[in-house]
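A closer look at the structure
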Amino acid sequence: MRQALANWTTPGPVPAMDDATFGRWVDLLERRTGVVVPPGRKAFLVAALRTRMREAGKSSFEAYFDEILDGPRGAIEWATLVDRLTVHQTHFFRHPPSLDLVARDWLPAYRAGQSDAPIHAWSIGCATGEEAFTLAMVLDRAMAAGGRGYYGITATDISAAALAVGRGATYPVAKLDEIPLSYREAYCAPAGEVFAEDGGVRAPRGFEEADSFTIAEPLRKRVGFVQFNLLDVARAPLKRLDLIYCQNVLIYFARERRAGLLQAIADLLKPGGLLVLGAGEVLGFNHPQLTRLGGPQTLAFRRNA
Ligand SMILES: C[S@@+](CC[C@H](N)C(=O)[O-])C[C@H]1O[C@@H](n2cnc3c(N)ncnc32)[C@H](O)[C@@H]1O
């Protein structure tokens, strides 16, 4: 009886995962997110599942798998789990050559003759928002240099937890180093509280005192975070985009899926619009309406006029 109660209150250790069970989880993840977990990443998948199962009080991979498939309750659990099973590693200004391409090689020519037309950009697989805010900083500065003009960025990801961080727009101060100084000064502000001399708390006076920083309000207003599964791109509510930025997402997808998704993504671009992928992320992609722009350090395509 005591043993039964103990099992009920705290789950026993989660056993090892056999190959058949691993295959079922890999298949589910691929079907629902597009993300492929190769055999070499089994340890990552098992560790992430174990952590979540411990939190949820589950001790069998098989029973937990069946629960995930079980109606609305399973859907709620899946929303938490998907965040644990996807990789959210990201940085501000992650790939400077791609950003230079946007600001120098594409934007000025694209805006010539229509300098006050708004620019709508899409950051696909934006994780915790660093990519979207980087684009906002780069577009803000480049557009100010070329006259006036409105821009907006839709930032999407499958992970609700990652999007919540982006909406908060507050990051550990260690991440400031990722942002070039002039952008930092223009678009970031110290955040949080420090102990004041009188024993209370006050706002930090500078980055040196702060343990976090926030993105400036005018920029935050330009970025909207929305949960969206890239596998649904053919039904995307976005249309006629000027710039689509999709880096370090398709790399996790099966090769056979990438071409179809890219085709659907490219169809959402306006004539003259730019699609920026991660350099080396997609091999041999071509599309009759797209022309490669930029050198070997980047992988970007402009939609023909
Ligand atoms: C490694 S991060 C890349 C972040 C950012 N794009 C960058 O390059 O720094 C990959 C992101 O893709 C997201 N992702 C994975 N599968 C997805 C899907 N089917 N739909 C939308 N986002 C997805 C993950 O949640 C994760 O946040």
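Residues numbered from 1 in each chain as written. Predicted model: local features only at pLDDT ≥ 70, side-chain atom pairs only at ≥ 80, totals over all residues. Heavy atoms only, no water.

**A few points about the domain arrangement of the protein**
Selection criterion: For the domain bounds, the source is a domain assignment made automatically or taken from a database. Two residues qualify as a contact provided that any one of their heavy atoms is within 4.5 Å of a heavy atom in the partner residue. Put simply, buried area is the surface a 1.4 Å probe can reach on two separate parts but cannot reach once they are joined, added for both. By definition here, a salt bridge exists when the distance from a side-chain nitrogen of Lys or Arg to a carboxyl oxygen of Asp or Glu is within 4 Å. Two N or O atoms count as a polar contact when they lie within 3.5 Å, although within protein this holds only if one can serve as hydrogen donor and the other as acceptor, and sequence-adjacent residues are included solely when both atoms are side-chain atoms.
Examined at the domain level, the protein breaks down into domain 1 (2-85) and domain 2 (96-169 + 217-303). Placing a centre on the C-alpha atoms of domain 1 and another on those of domain 2 gives a separation of 33 Å. Taken together, the contact between domain 1 and domain 2 spans nine residues of the former and 10 residues of the latter. Summed over both sides, the interface of domain 1 with domain 2 buries roughly 750 Å², with 54% coming from carbon and sulfur. Remark: the boundary between domain 1 and domain 2 carries one salt bridge. Two residues, Glu 30 and Arg 257, come together in a salt bridge whose shortest N-O distance is 2.7 Å. Viewed at the interface, domain 2 and domain 1 are joined by four residue pairs in polar contact (both at pLDDT 80 or more).

**Description of the site of the ligand**
For clarity, the cut-off: It suffices for a single heavy atom of a residue to lie within 4 Å of a molecule or strand for the residue to be listed as near it. Methods summary: accessible areas were calculated by the Shrake-Rupley approach with a probe of 1.4 Å, and residue burial reflects only the protein chains presented.
Within the structure, the ligand sits among 21 residues, and Thr 33, Thr 90, Arg 94, Asp 157 and Asn 248 are positioned closest to it. Residue Asn 229 places a side-chain N or O atom 2.8 Å away from a nitrogen atom belonging to the ligand. Take Gln 247: an N or O atom from its main chain is 2.9 Å from a nitrogen atom of the ligand. Across the complex, the protein chains shield 99% of the 600 Å² of accessible surface that the ligand would expose by itself.

**Regarding the sheet that holds strand β4 (residues 188-191)**
Pairing between sheet strands relies on hydrogen bonds along the backbone, with the strands arranged either parallel or antiparallel. Under the convention used in this document: A pair of strands is treated as paired once DSSP finds two or more bridges between them. Numbering of helices and strands runs from the N terminus, with a helix taken as a DSSP run of H or I at least four residues long and a strand as a DSSP run of E at least two residues long. Only the contacting stretch of a helix is used when fitting its axis, a line to C-alpha atoms as for every element, and angles between N-to-C directions run 0 to 180 degrees.
With antiparallel pairing, three strands are arranged side by side in an open sheet as β3-β7-β4. Sheet topology places β3 (170-172) and β4 at the edges, where each strand pairs with a single neighbour. Ignoring strand direction, the axes of neighbouring strands in this sheet form an average angle of 35 degrees. As paired strands, β4 and strand β7 (residues 212-215) are joined by four bridges and run antiparallel to one another.

**Thoughts on the packing of aromatic side chains**
Operational definition: Working definition: a ring pair exists when centres of Phe, Tyr or Trp rings (six-membered ring for Trp) sit within 6.5 Å. Plane angles under 30 degrees give stacked, over 60 give edge-to-face, the rest tilted. A 1.4 Å probe rolled over the protein chains alone gives each residue an accessible area, and that area as a share of the maximum for its type sets the label: buried under 20%, exposed over 50%, partly exposed in between. Cation placement over rings: the criterion is NZ of Lys or CZ of Arg within 6 Å of the ring centroid and within 35° of the ring normal.
For the structure shown, the criterion picks out 12 aromatic pairs. Ring geometry for Tyr 171 against Phe 213: centres 6.0 Å apart, planes inclined by 40 degrees, an arrangement best described as tilted. Separated by 42 residues along the polypeptide, Tyr 171 in strand β3 and Phe 213 in strand β7 bring together distant segments of the chain. Exposure remark for Tyr 171: the relative accessible area of 3% places this residue in the buried category. Judged by relative accessible area, which is 0%, Phe 213 ranks as buried. A connected cluster of aromatic rings, assembled from ring pairs, spans Phe 92, Phe 133, Tyr 171, Phe 213 and Phe 225. One Lys or Arg, Arg 32, reaches over the ring of Trp 78 and ends 4.8 Å from the middle of that ring. The ring of Tyr 183 has Arg 141 sitting right over it, with the charged end atom 4.3 Å from the ring centre.

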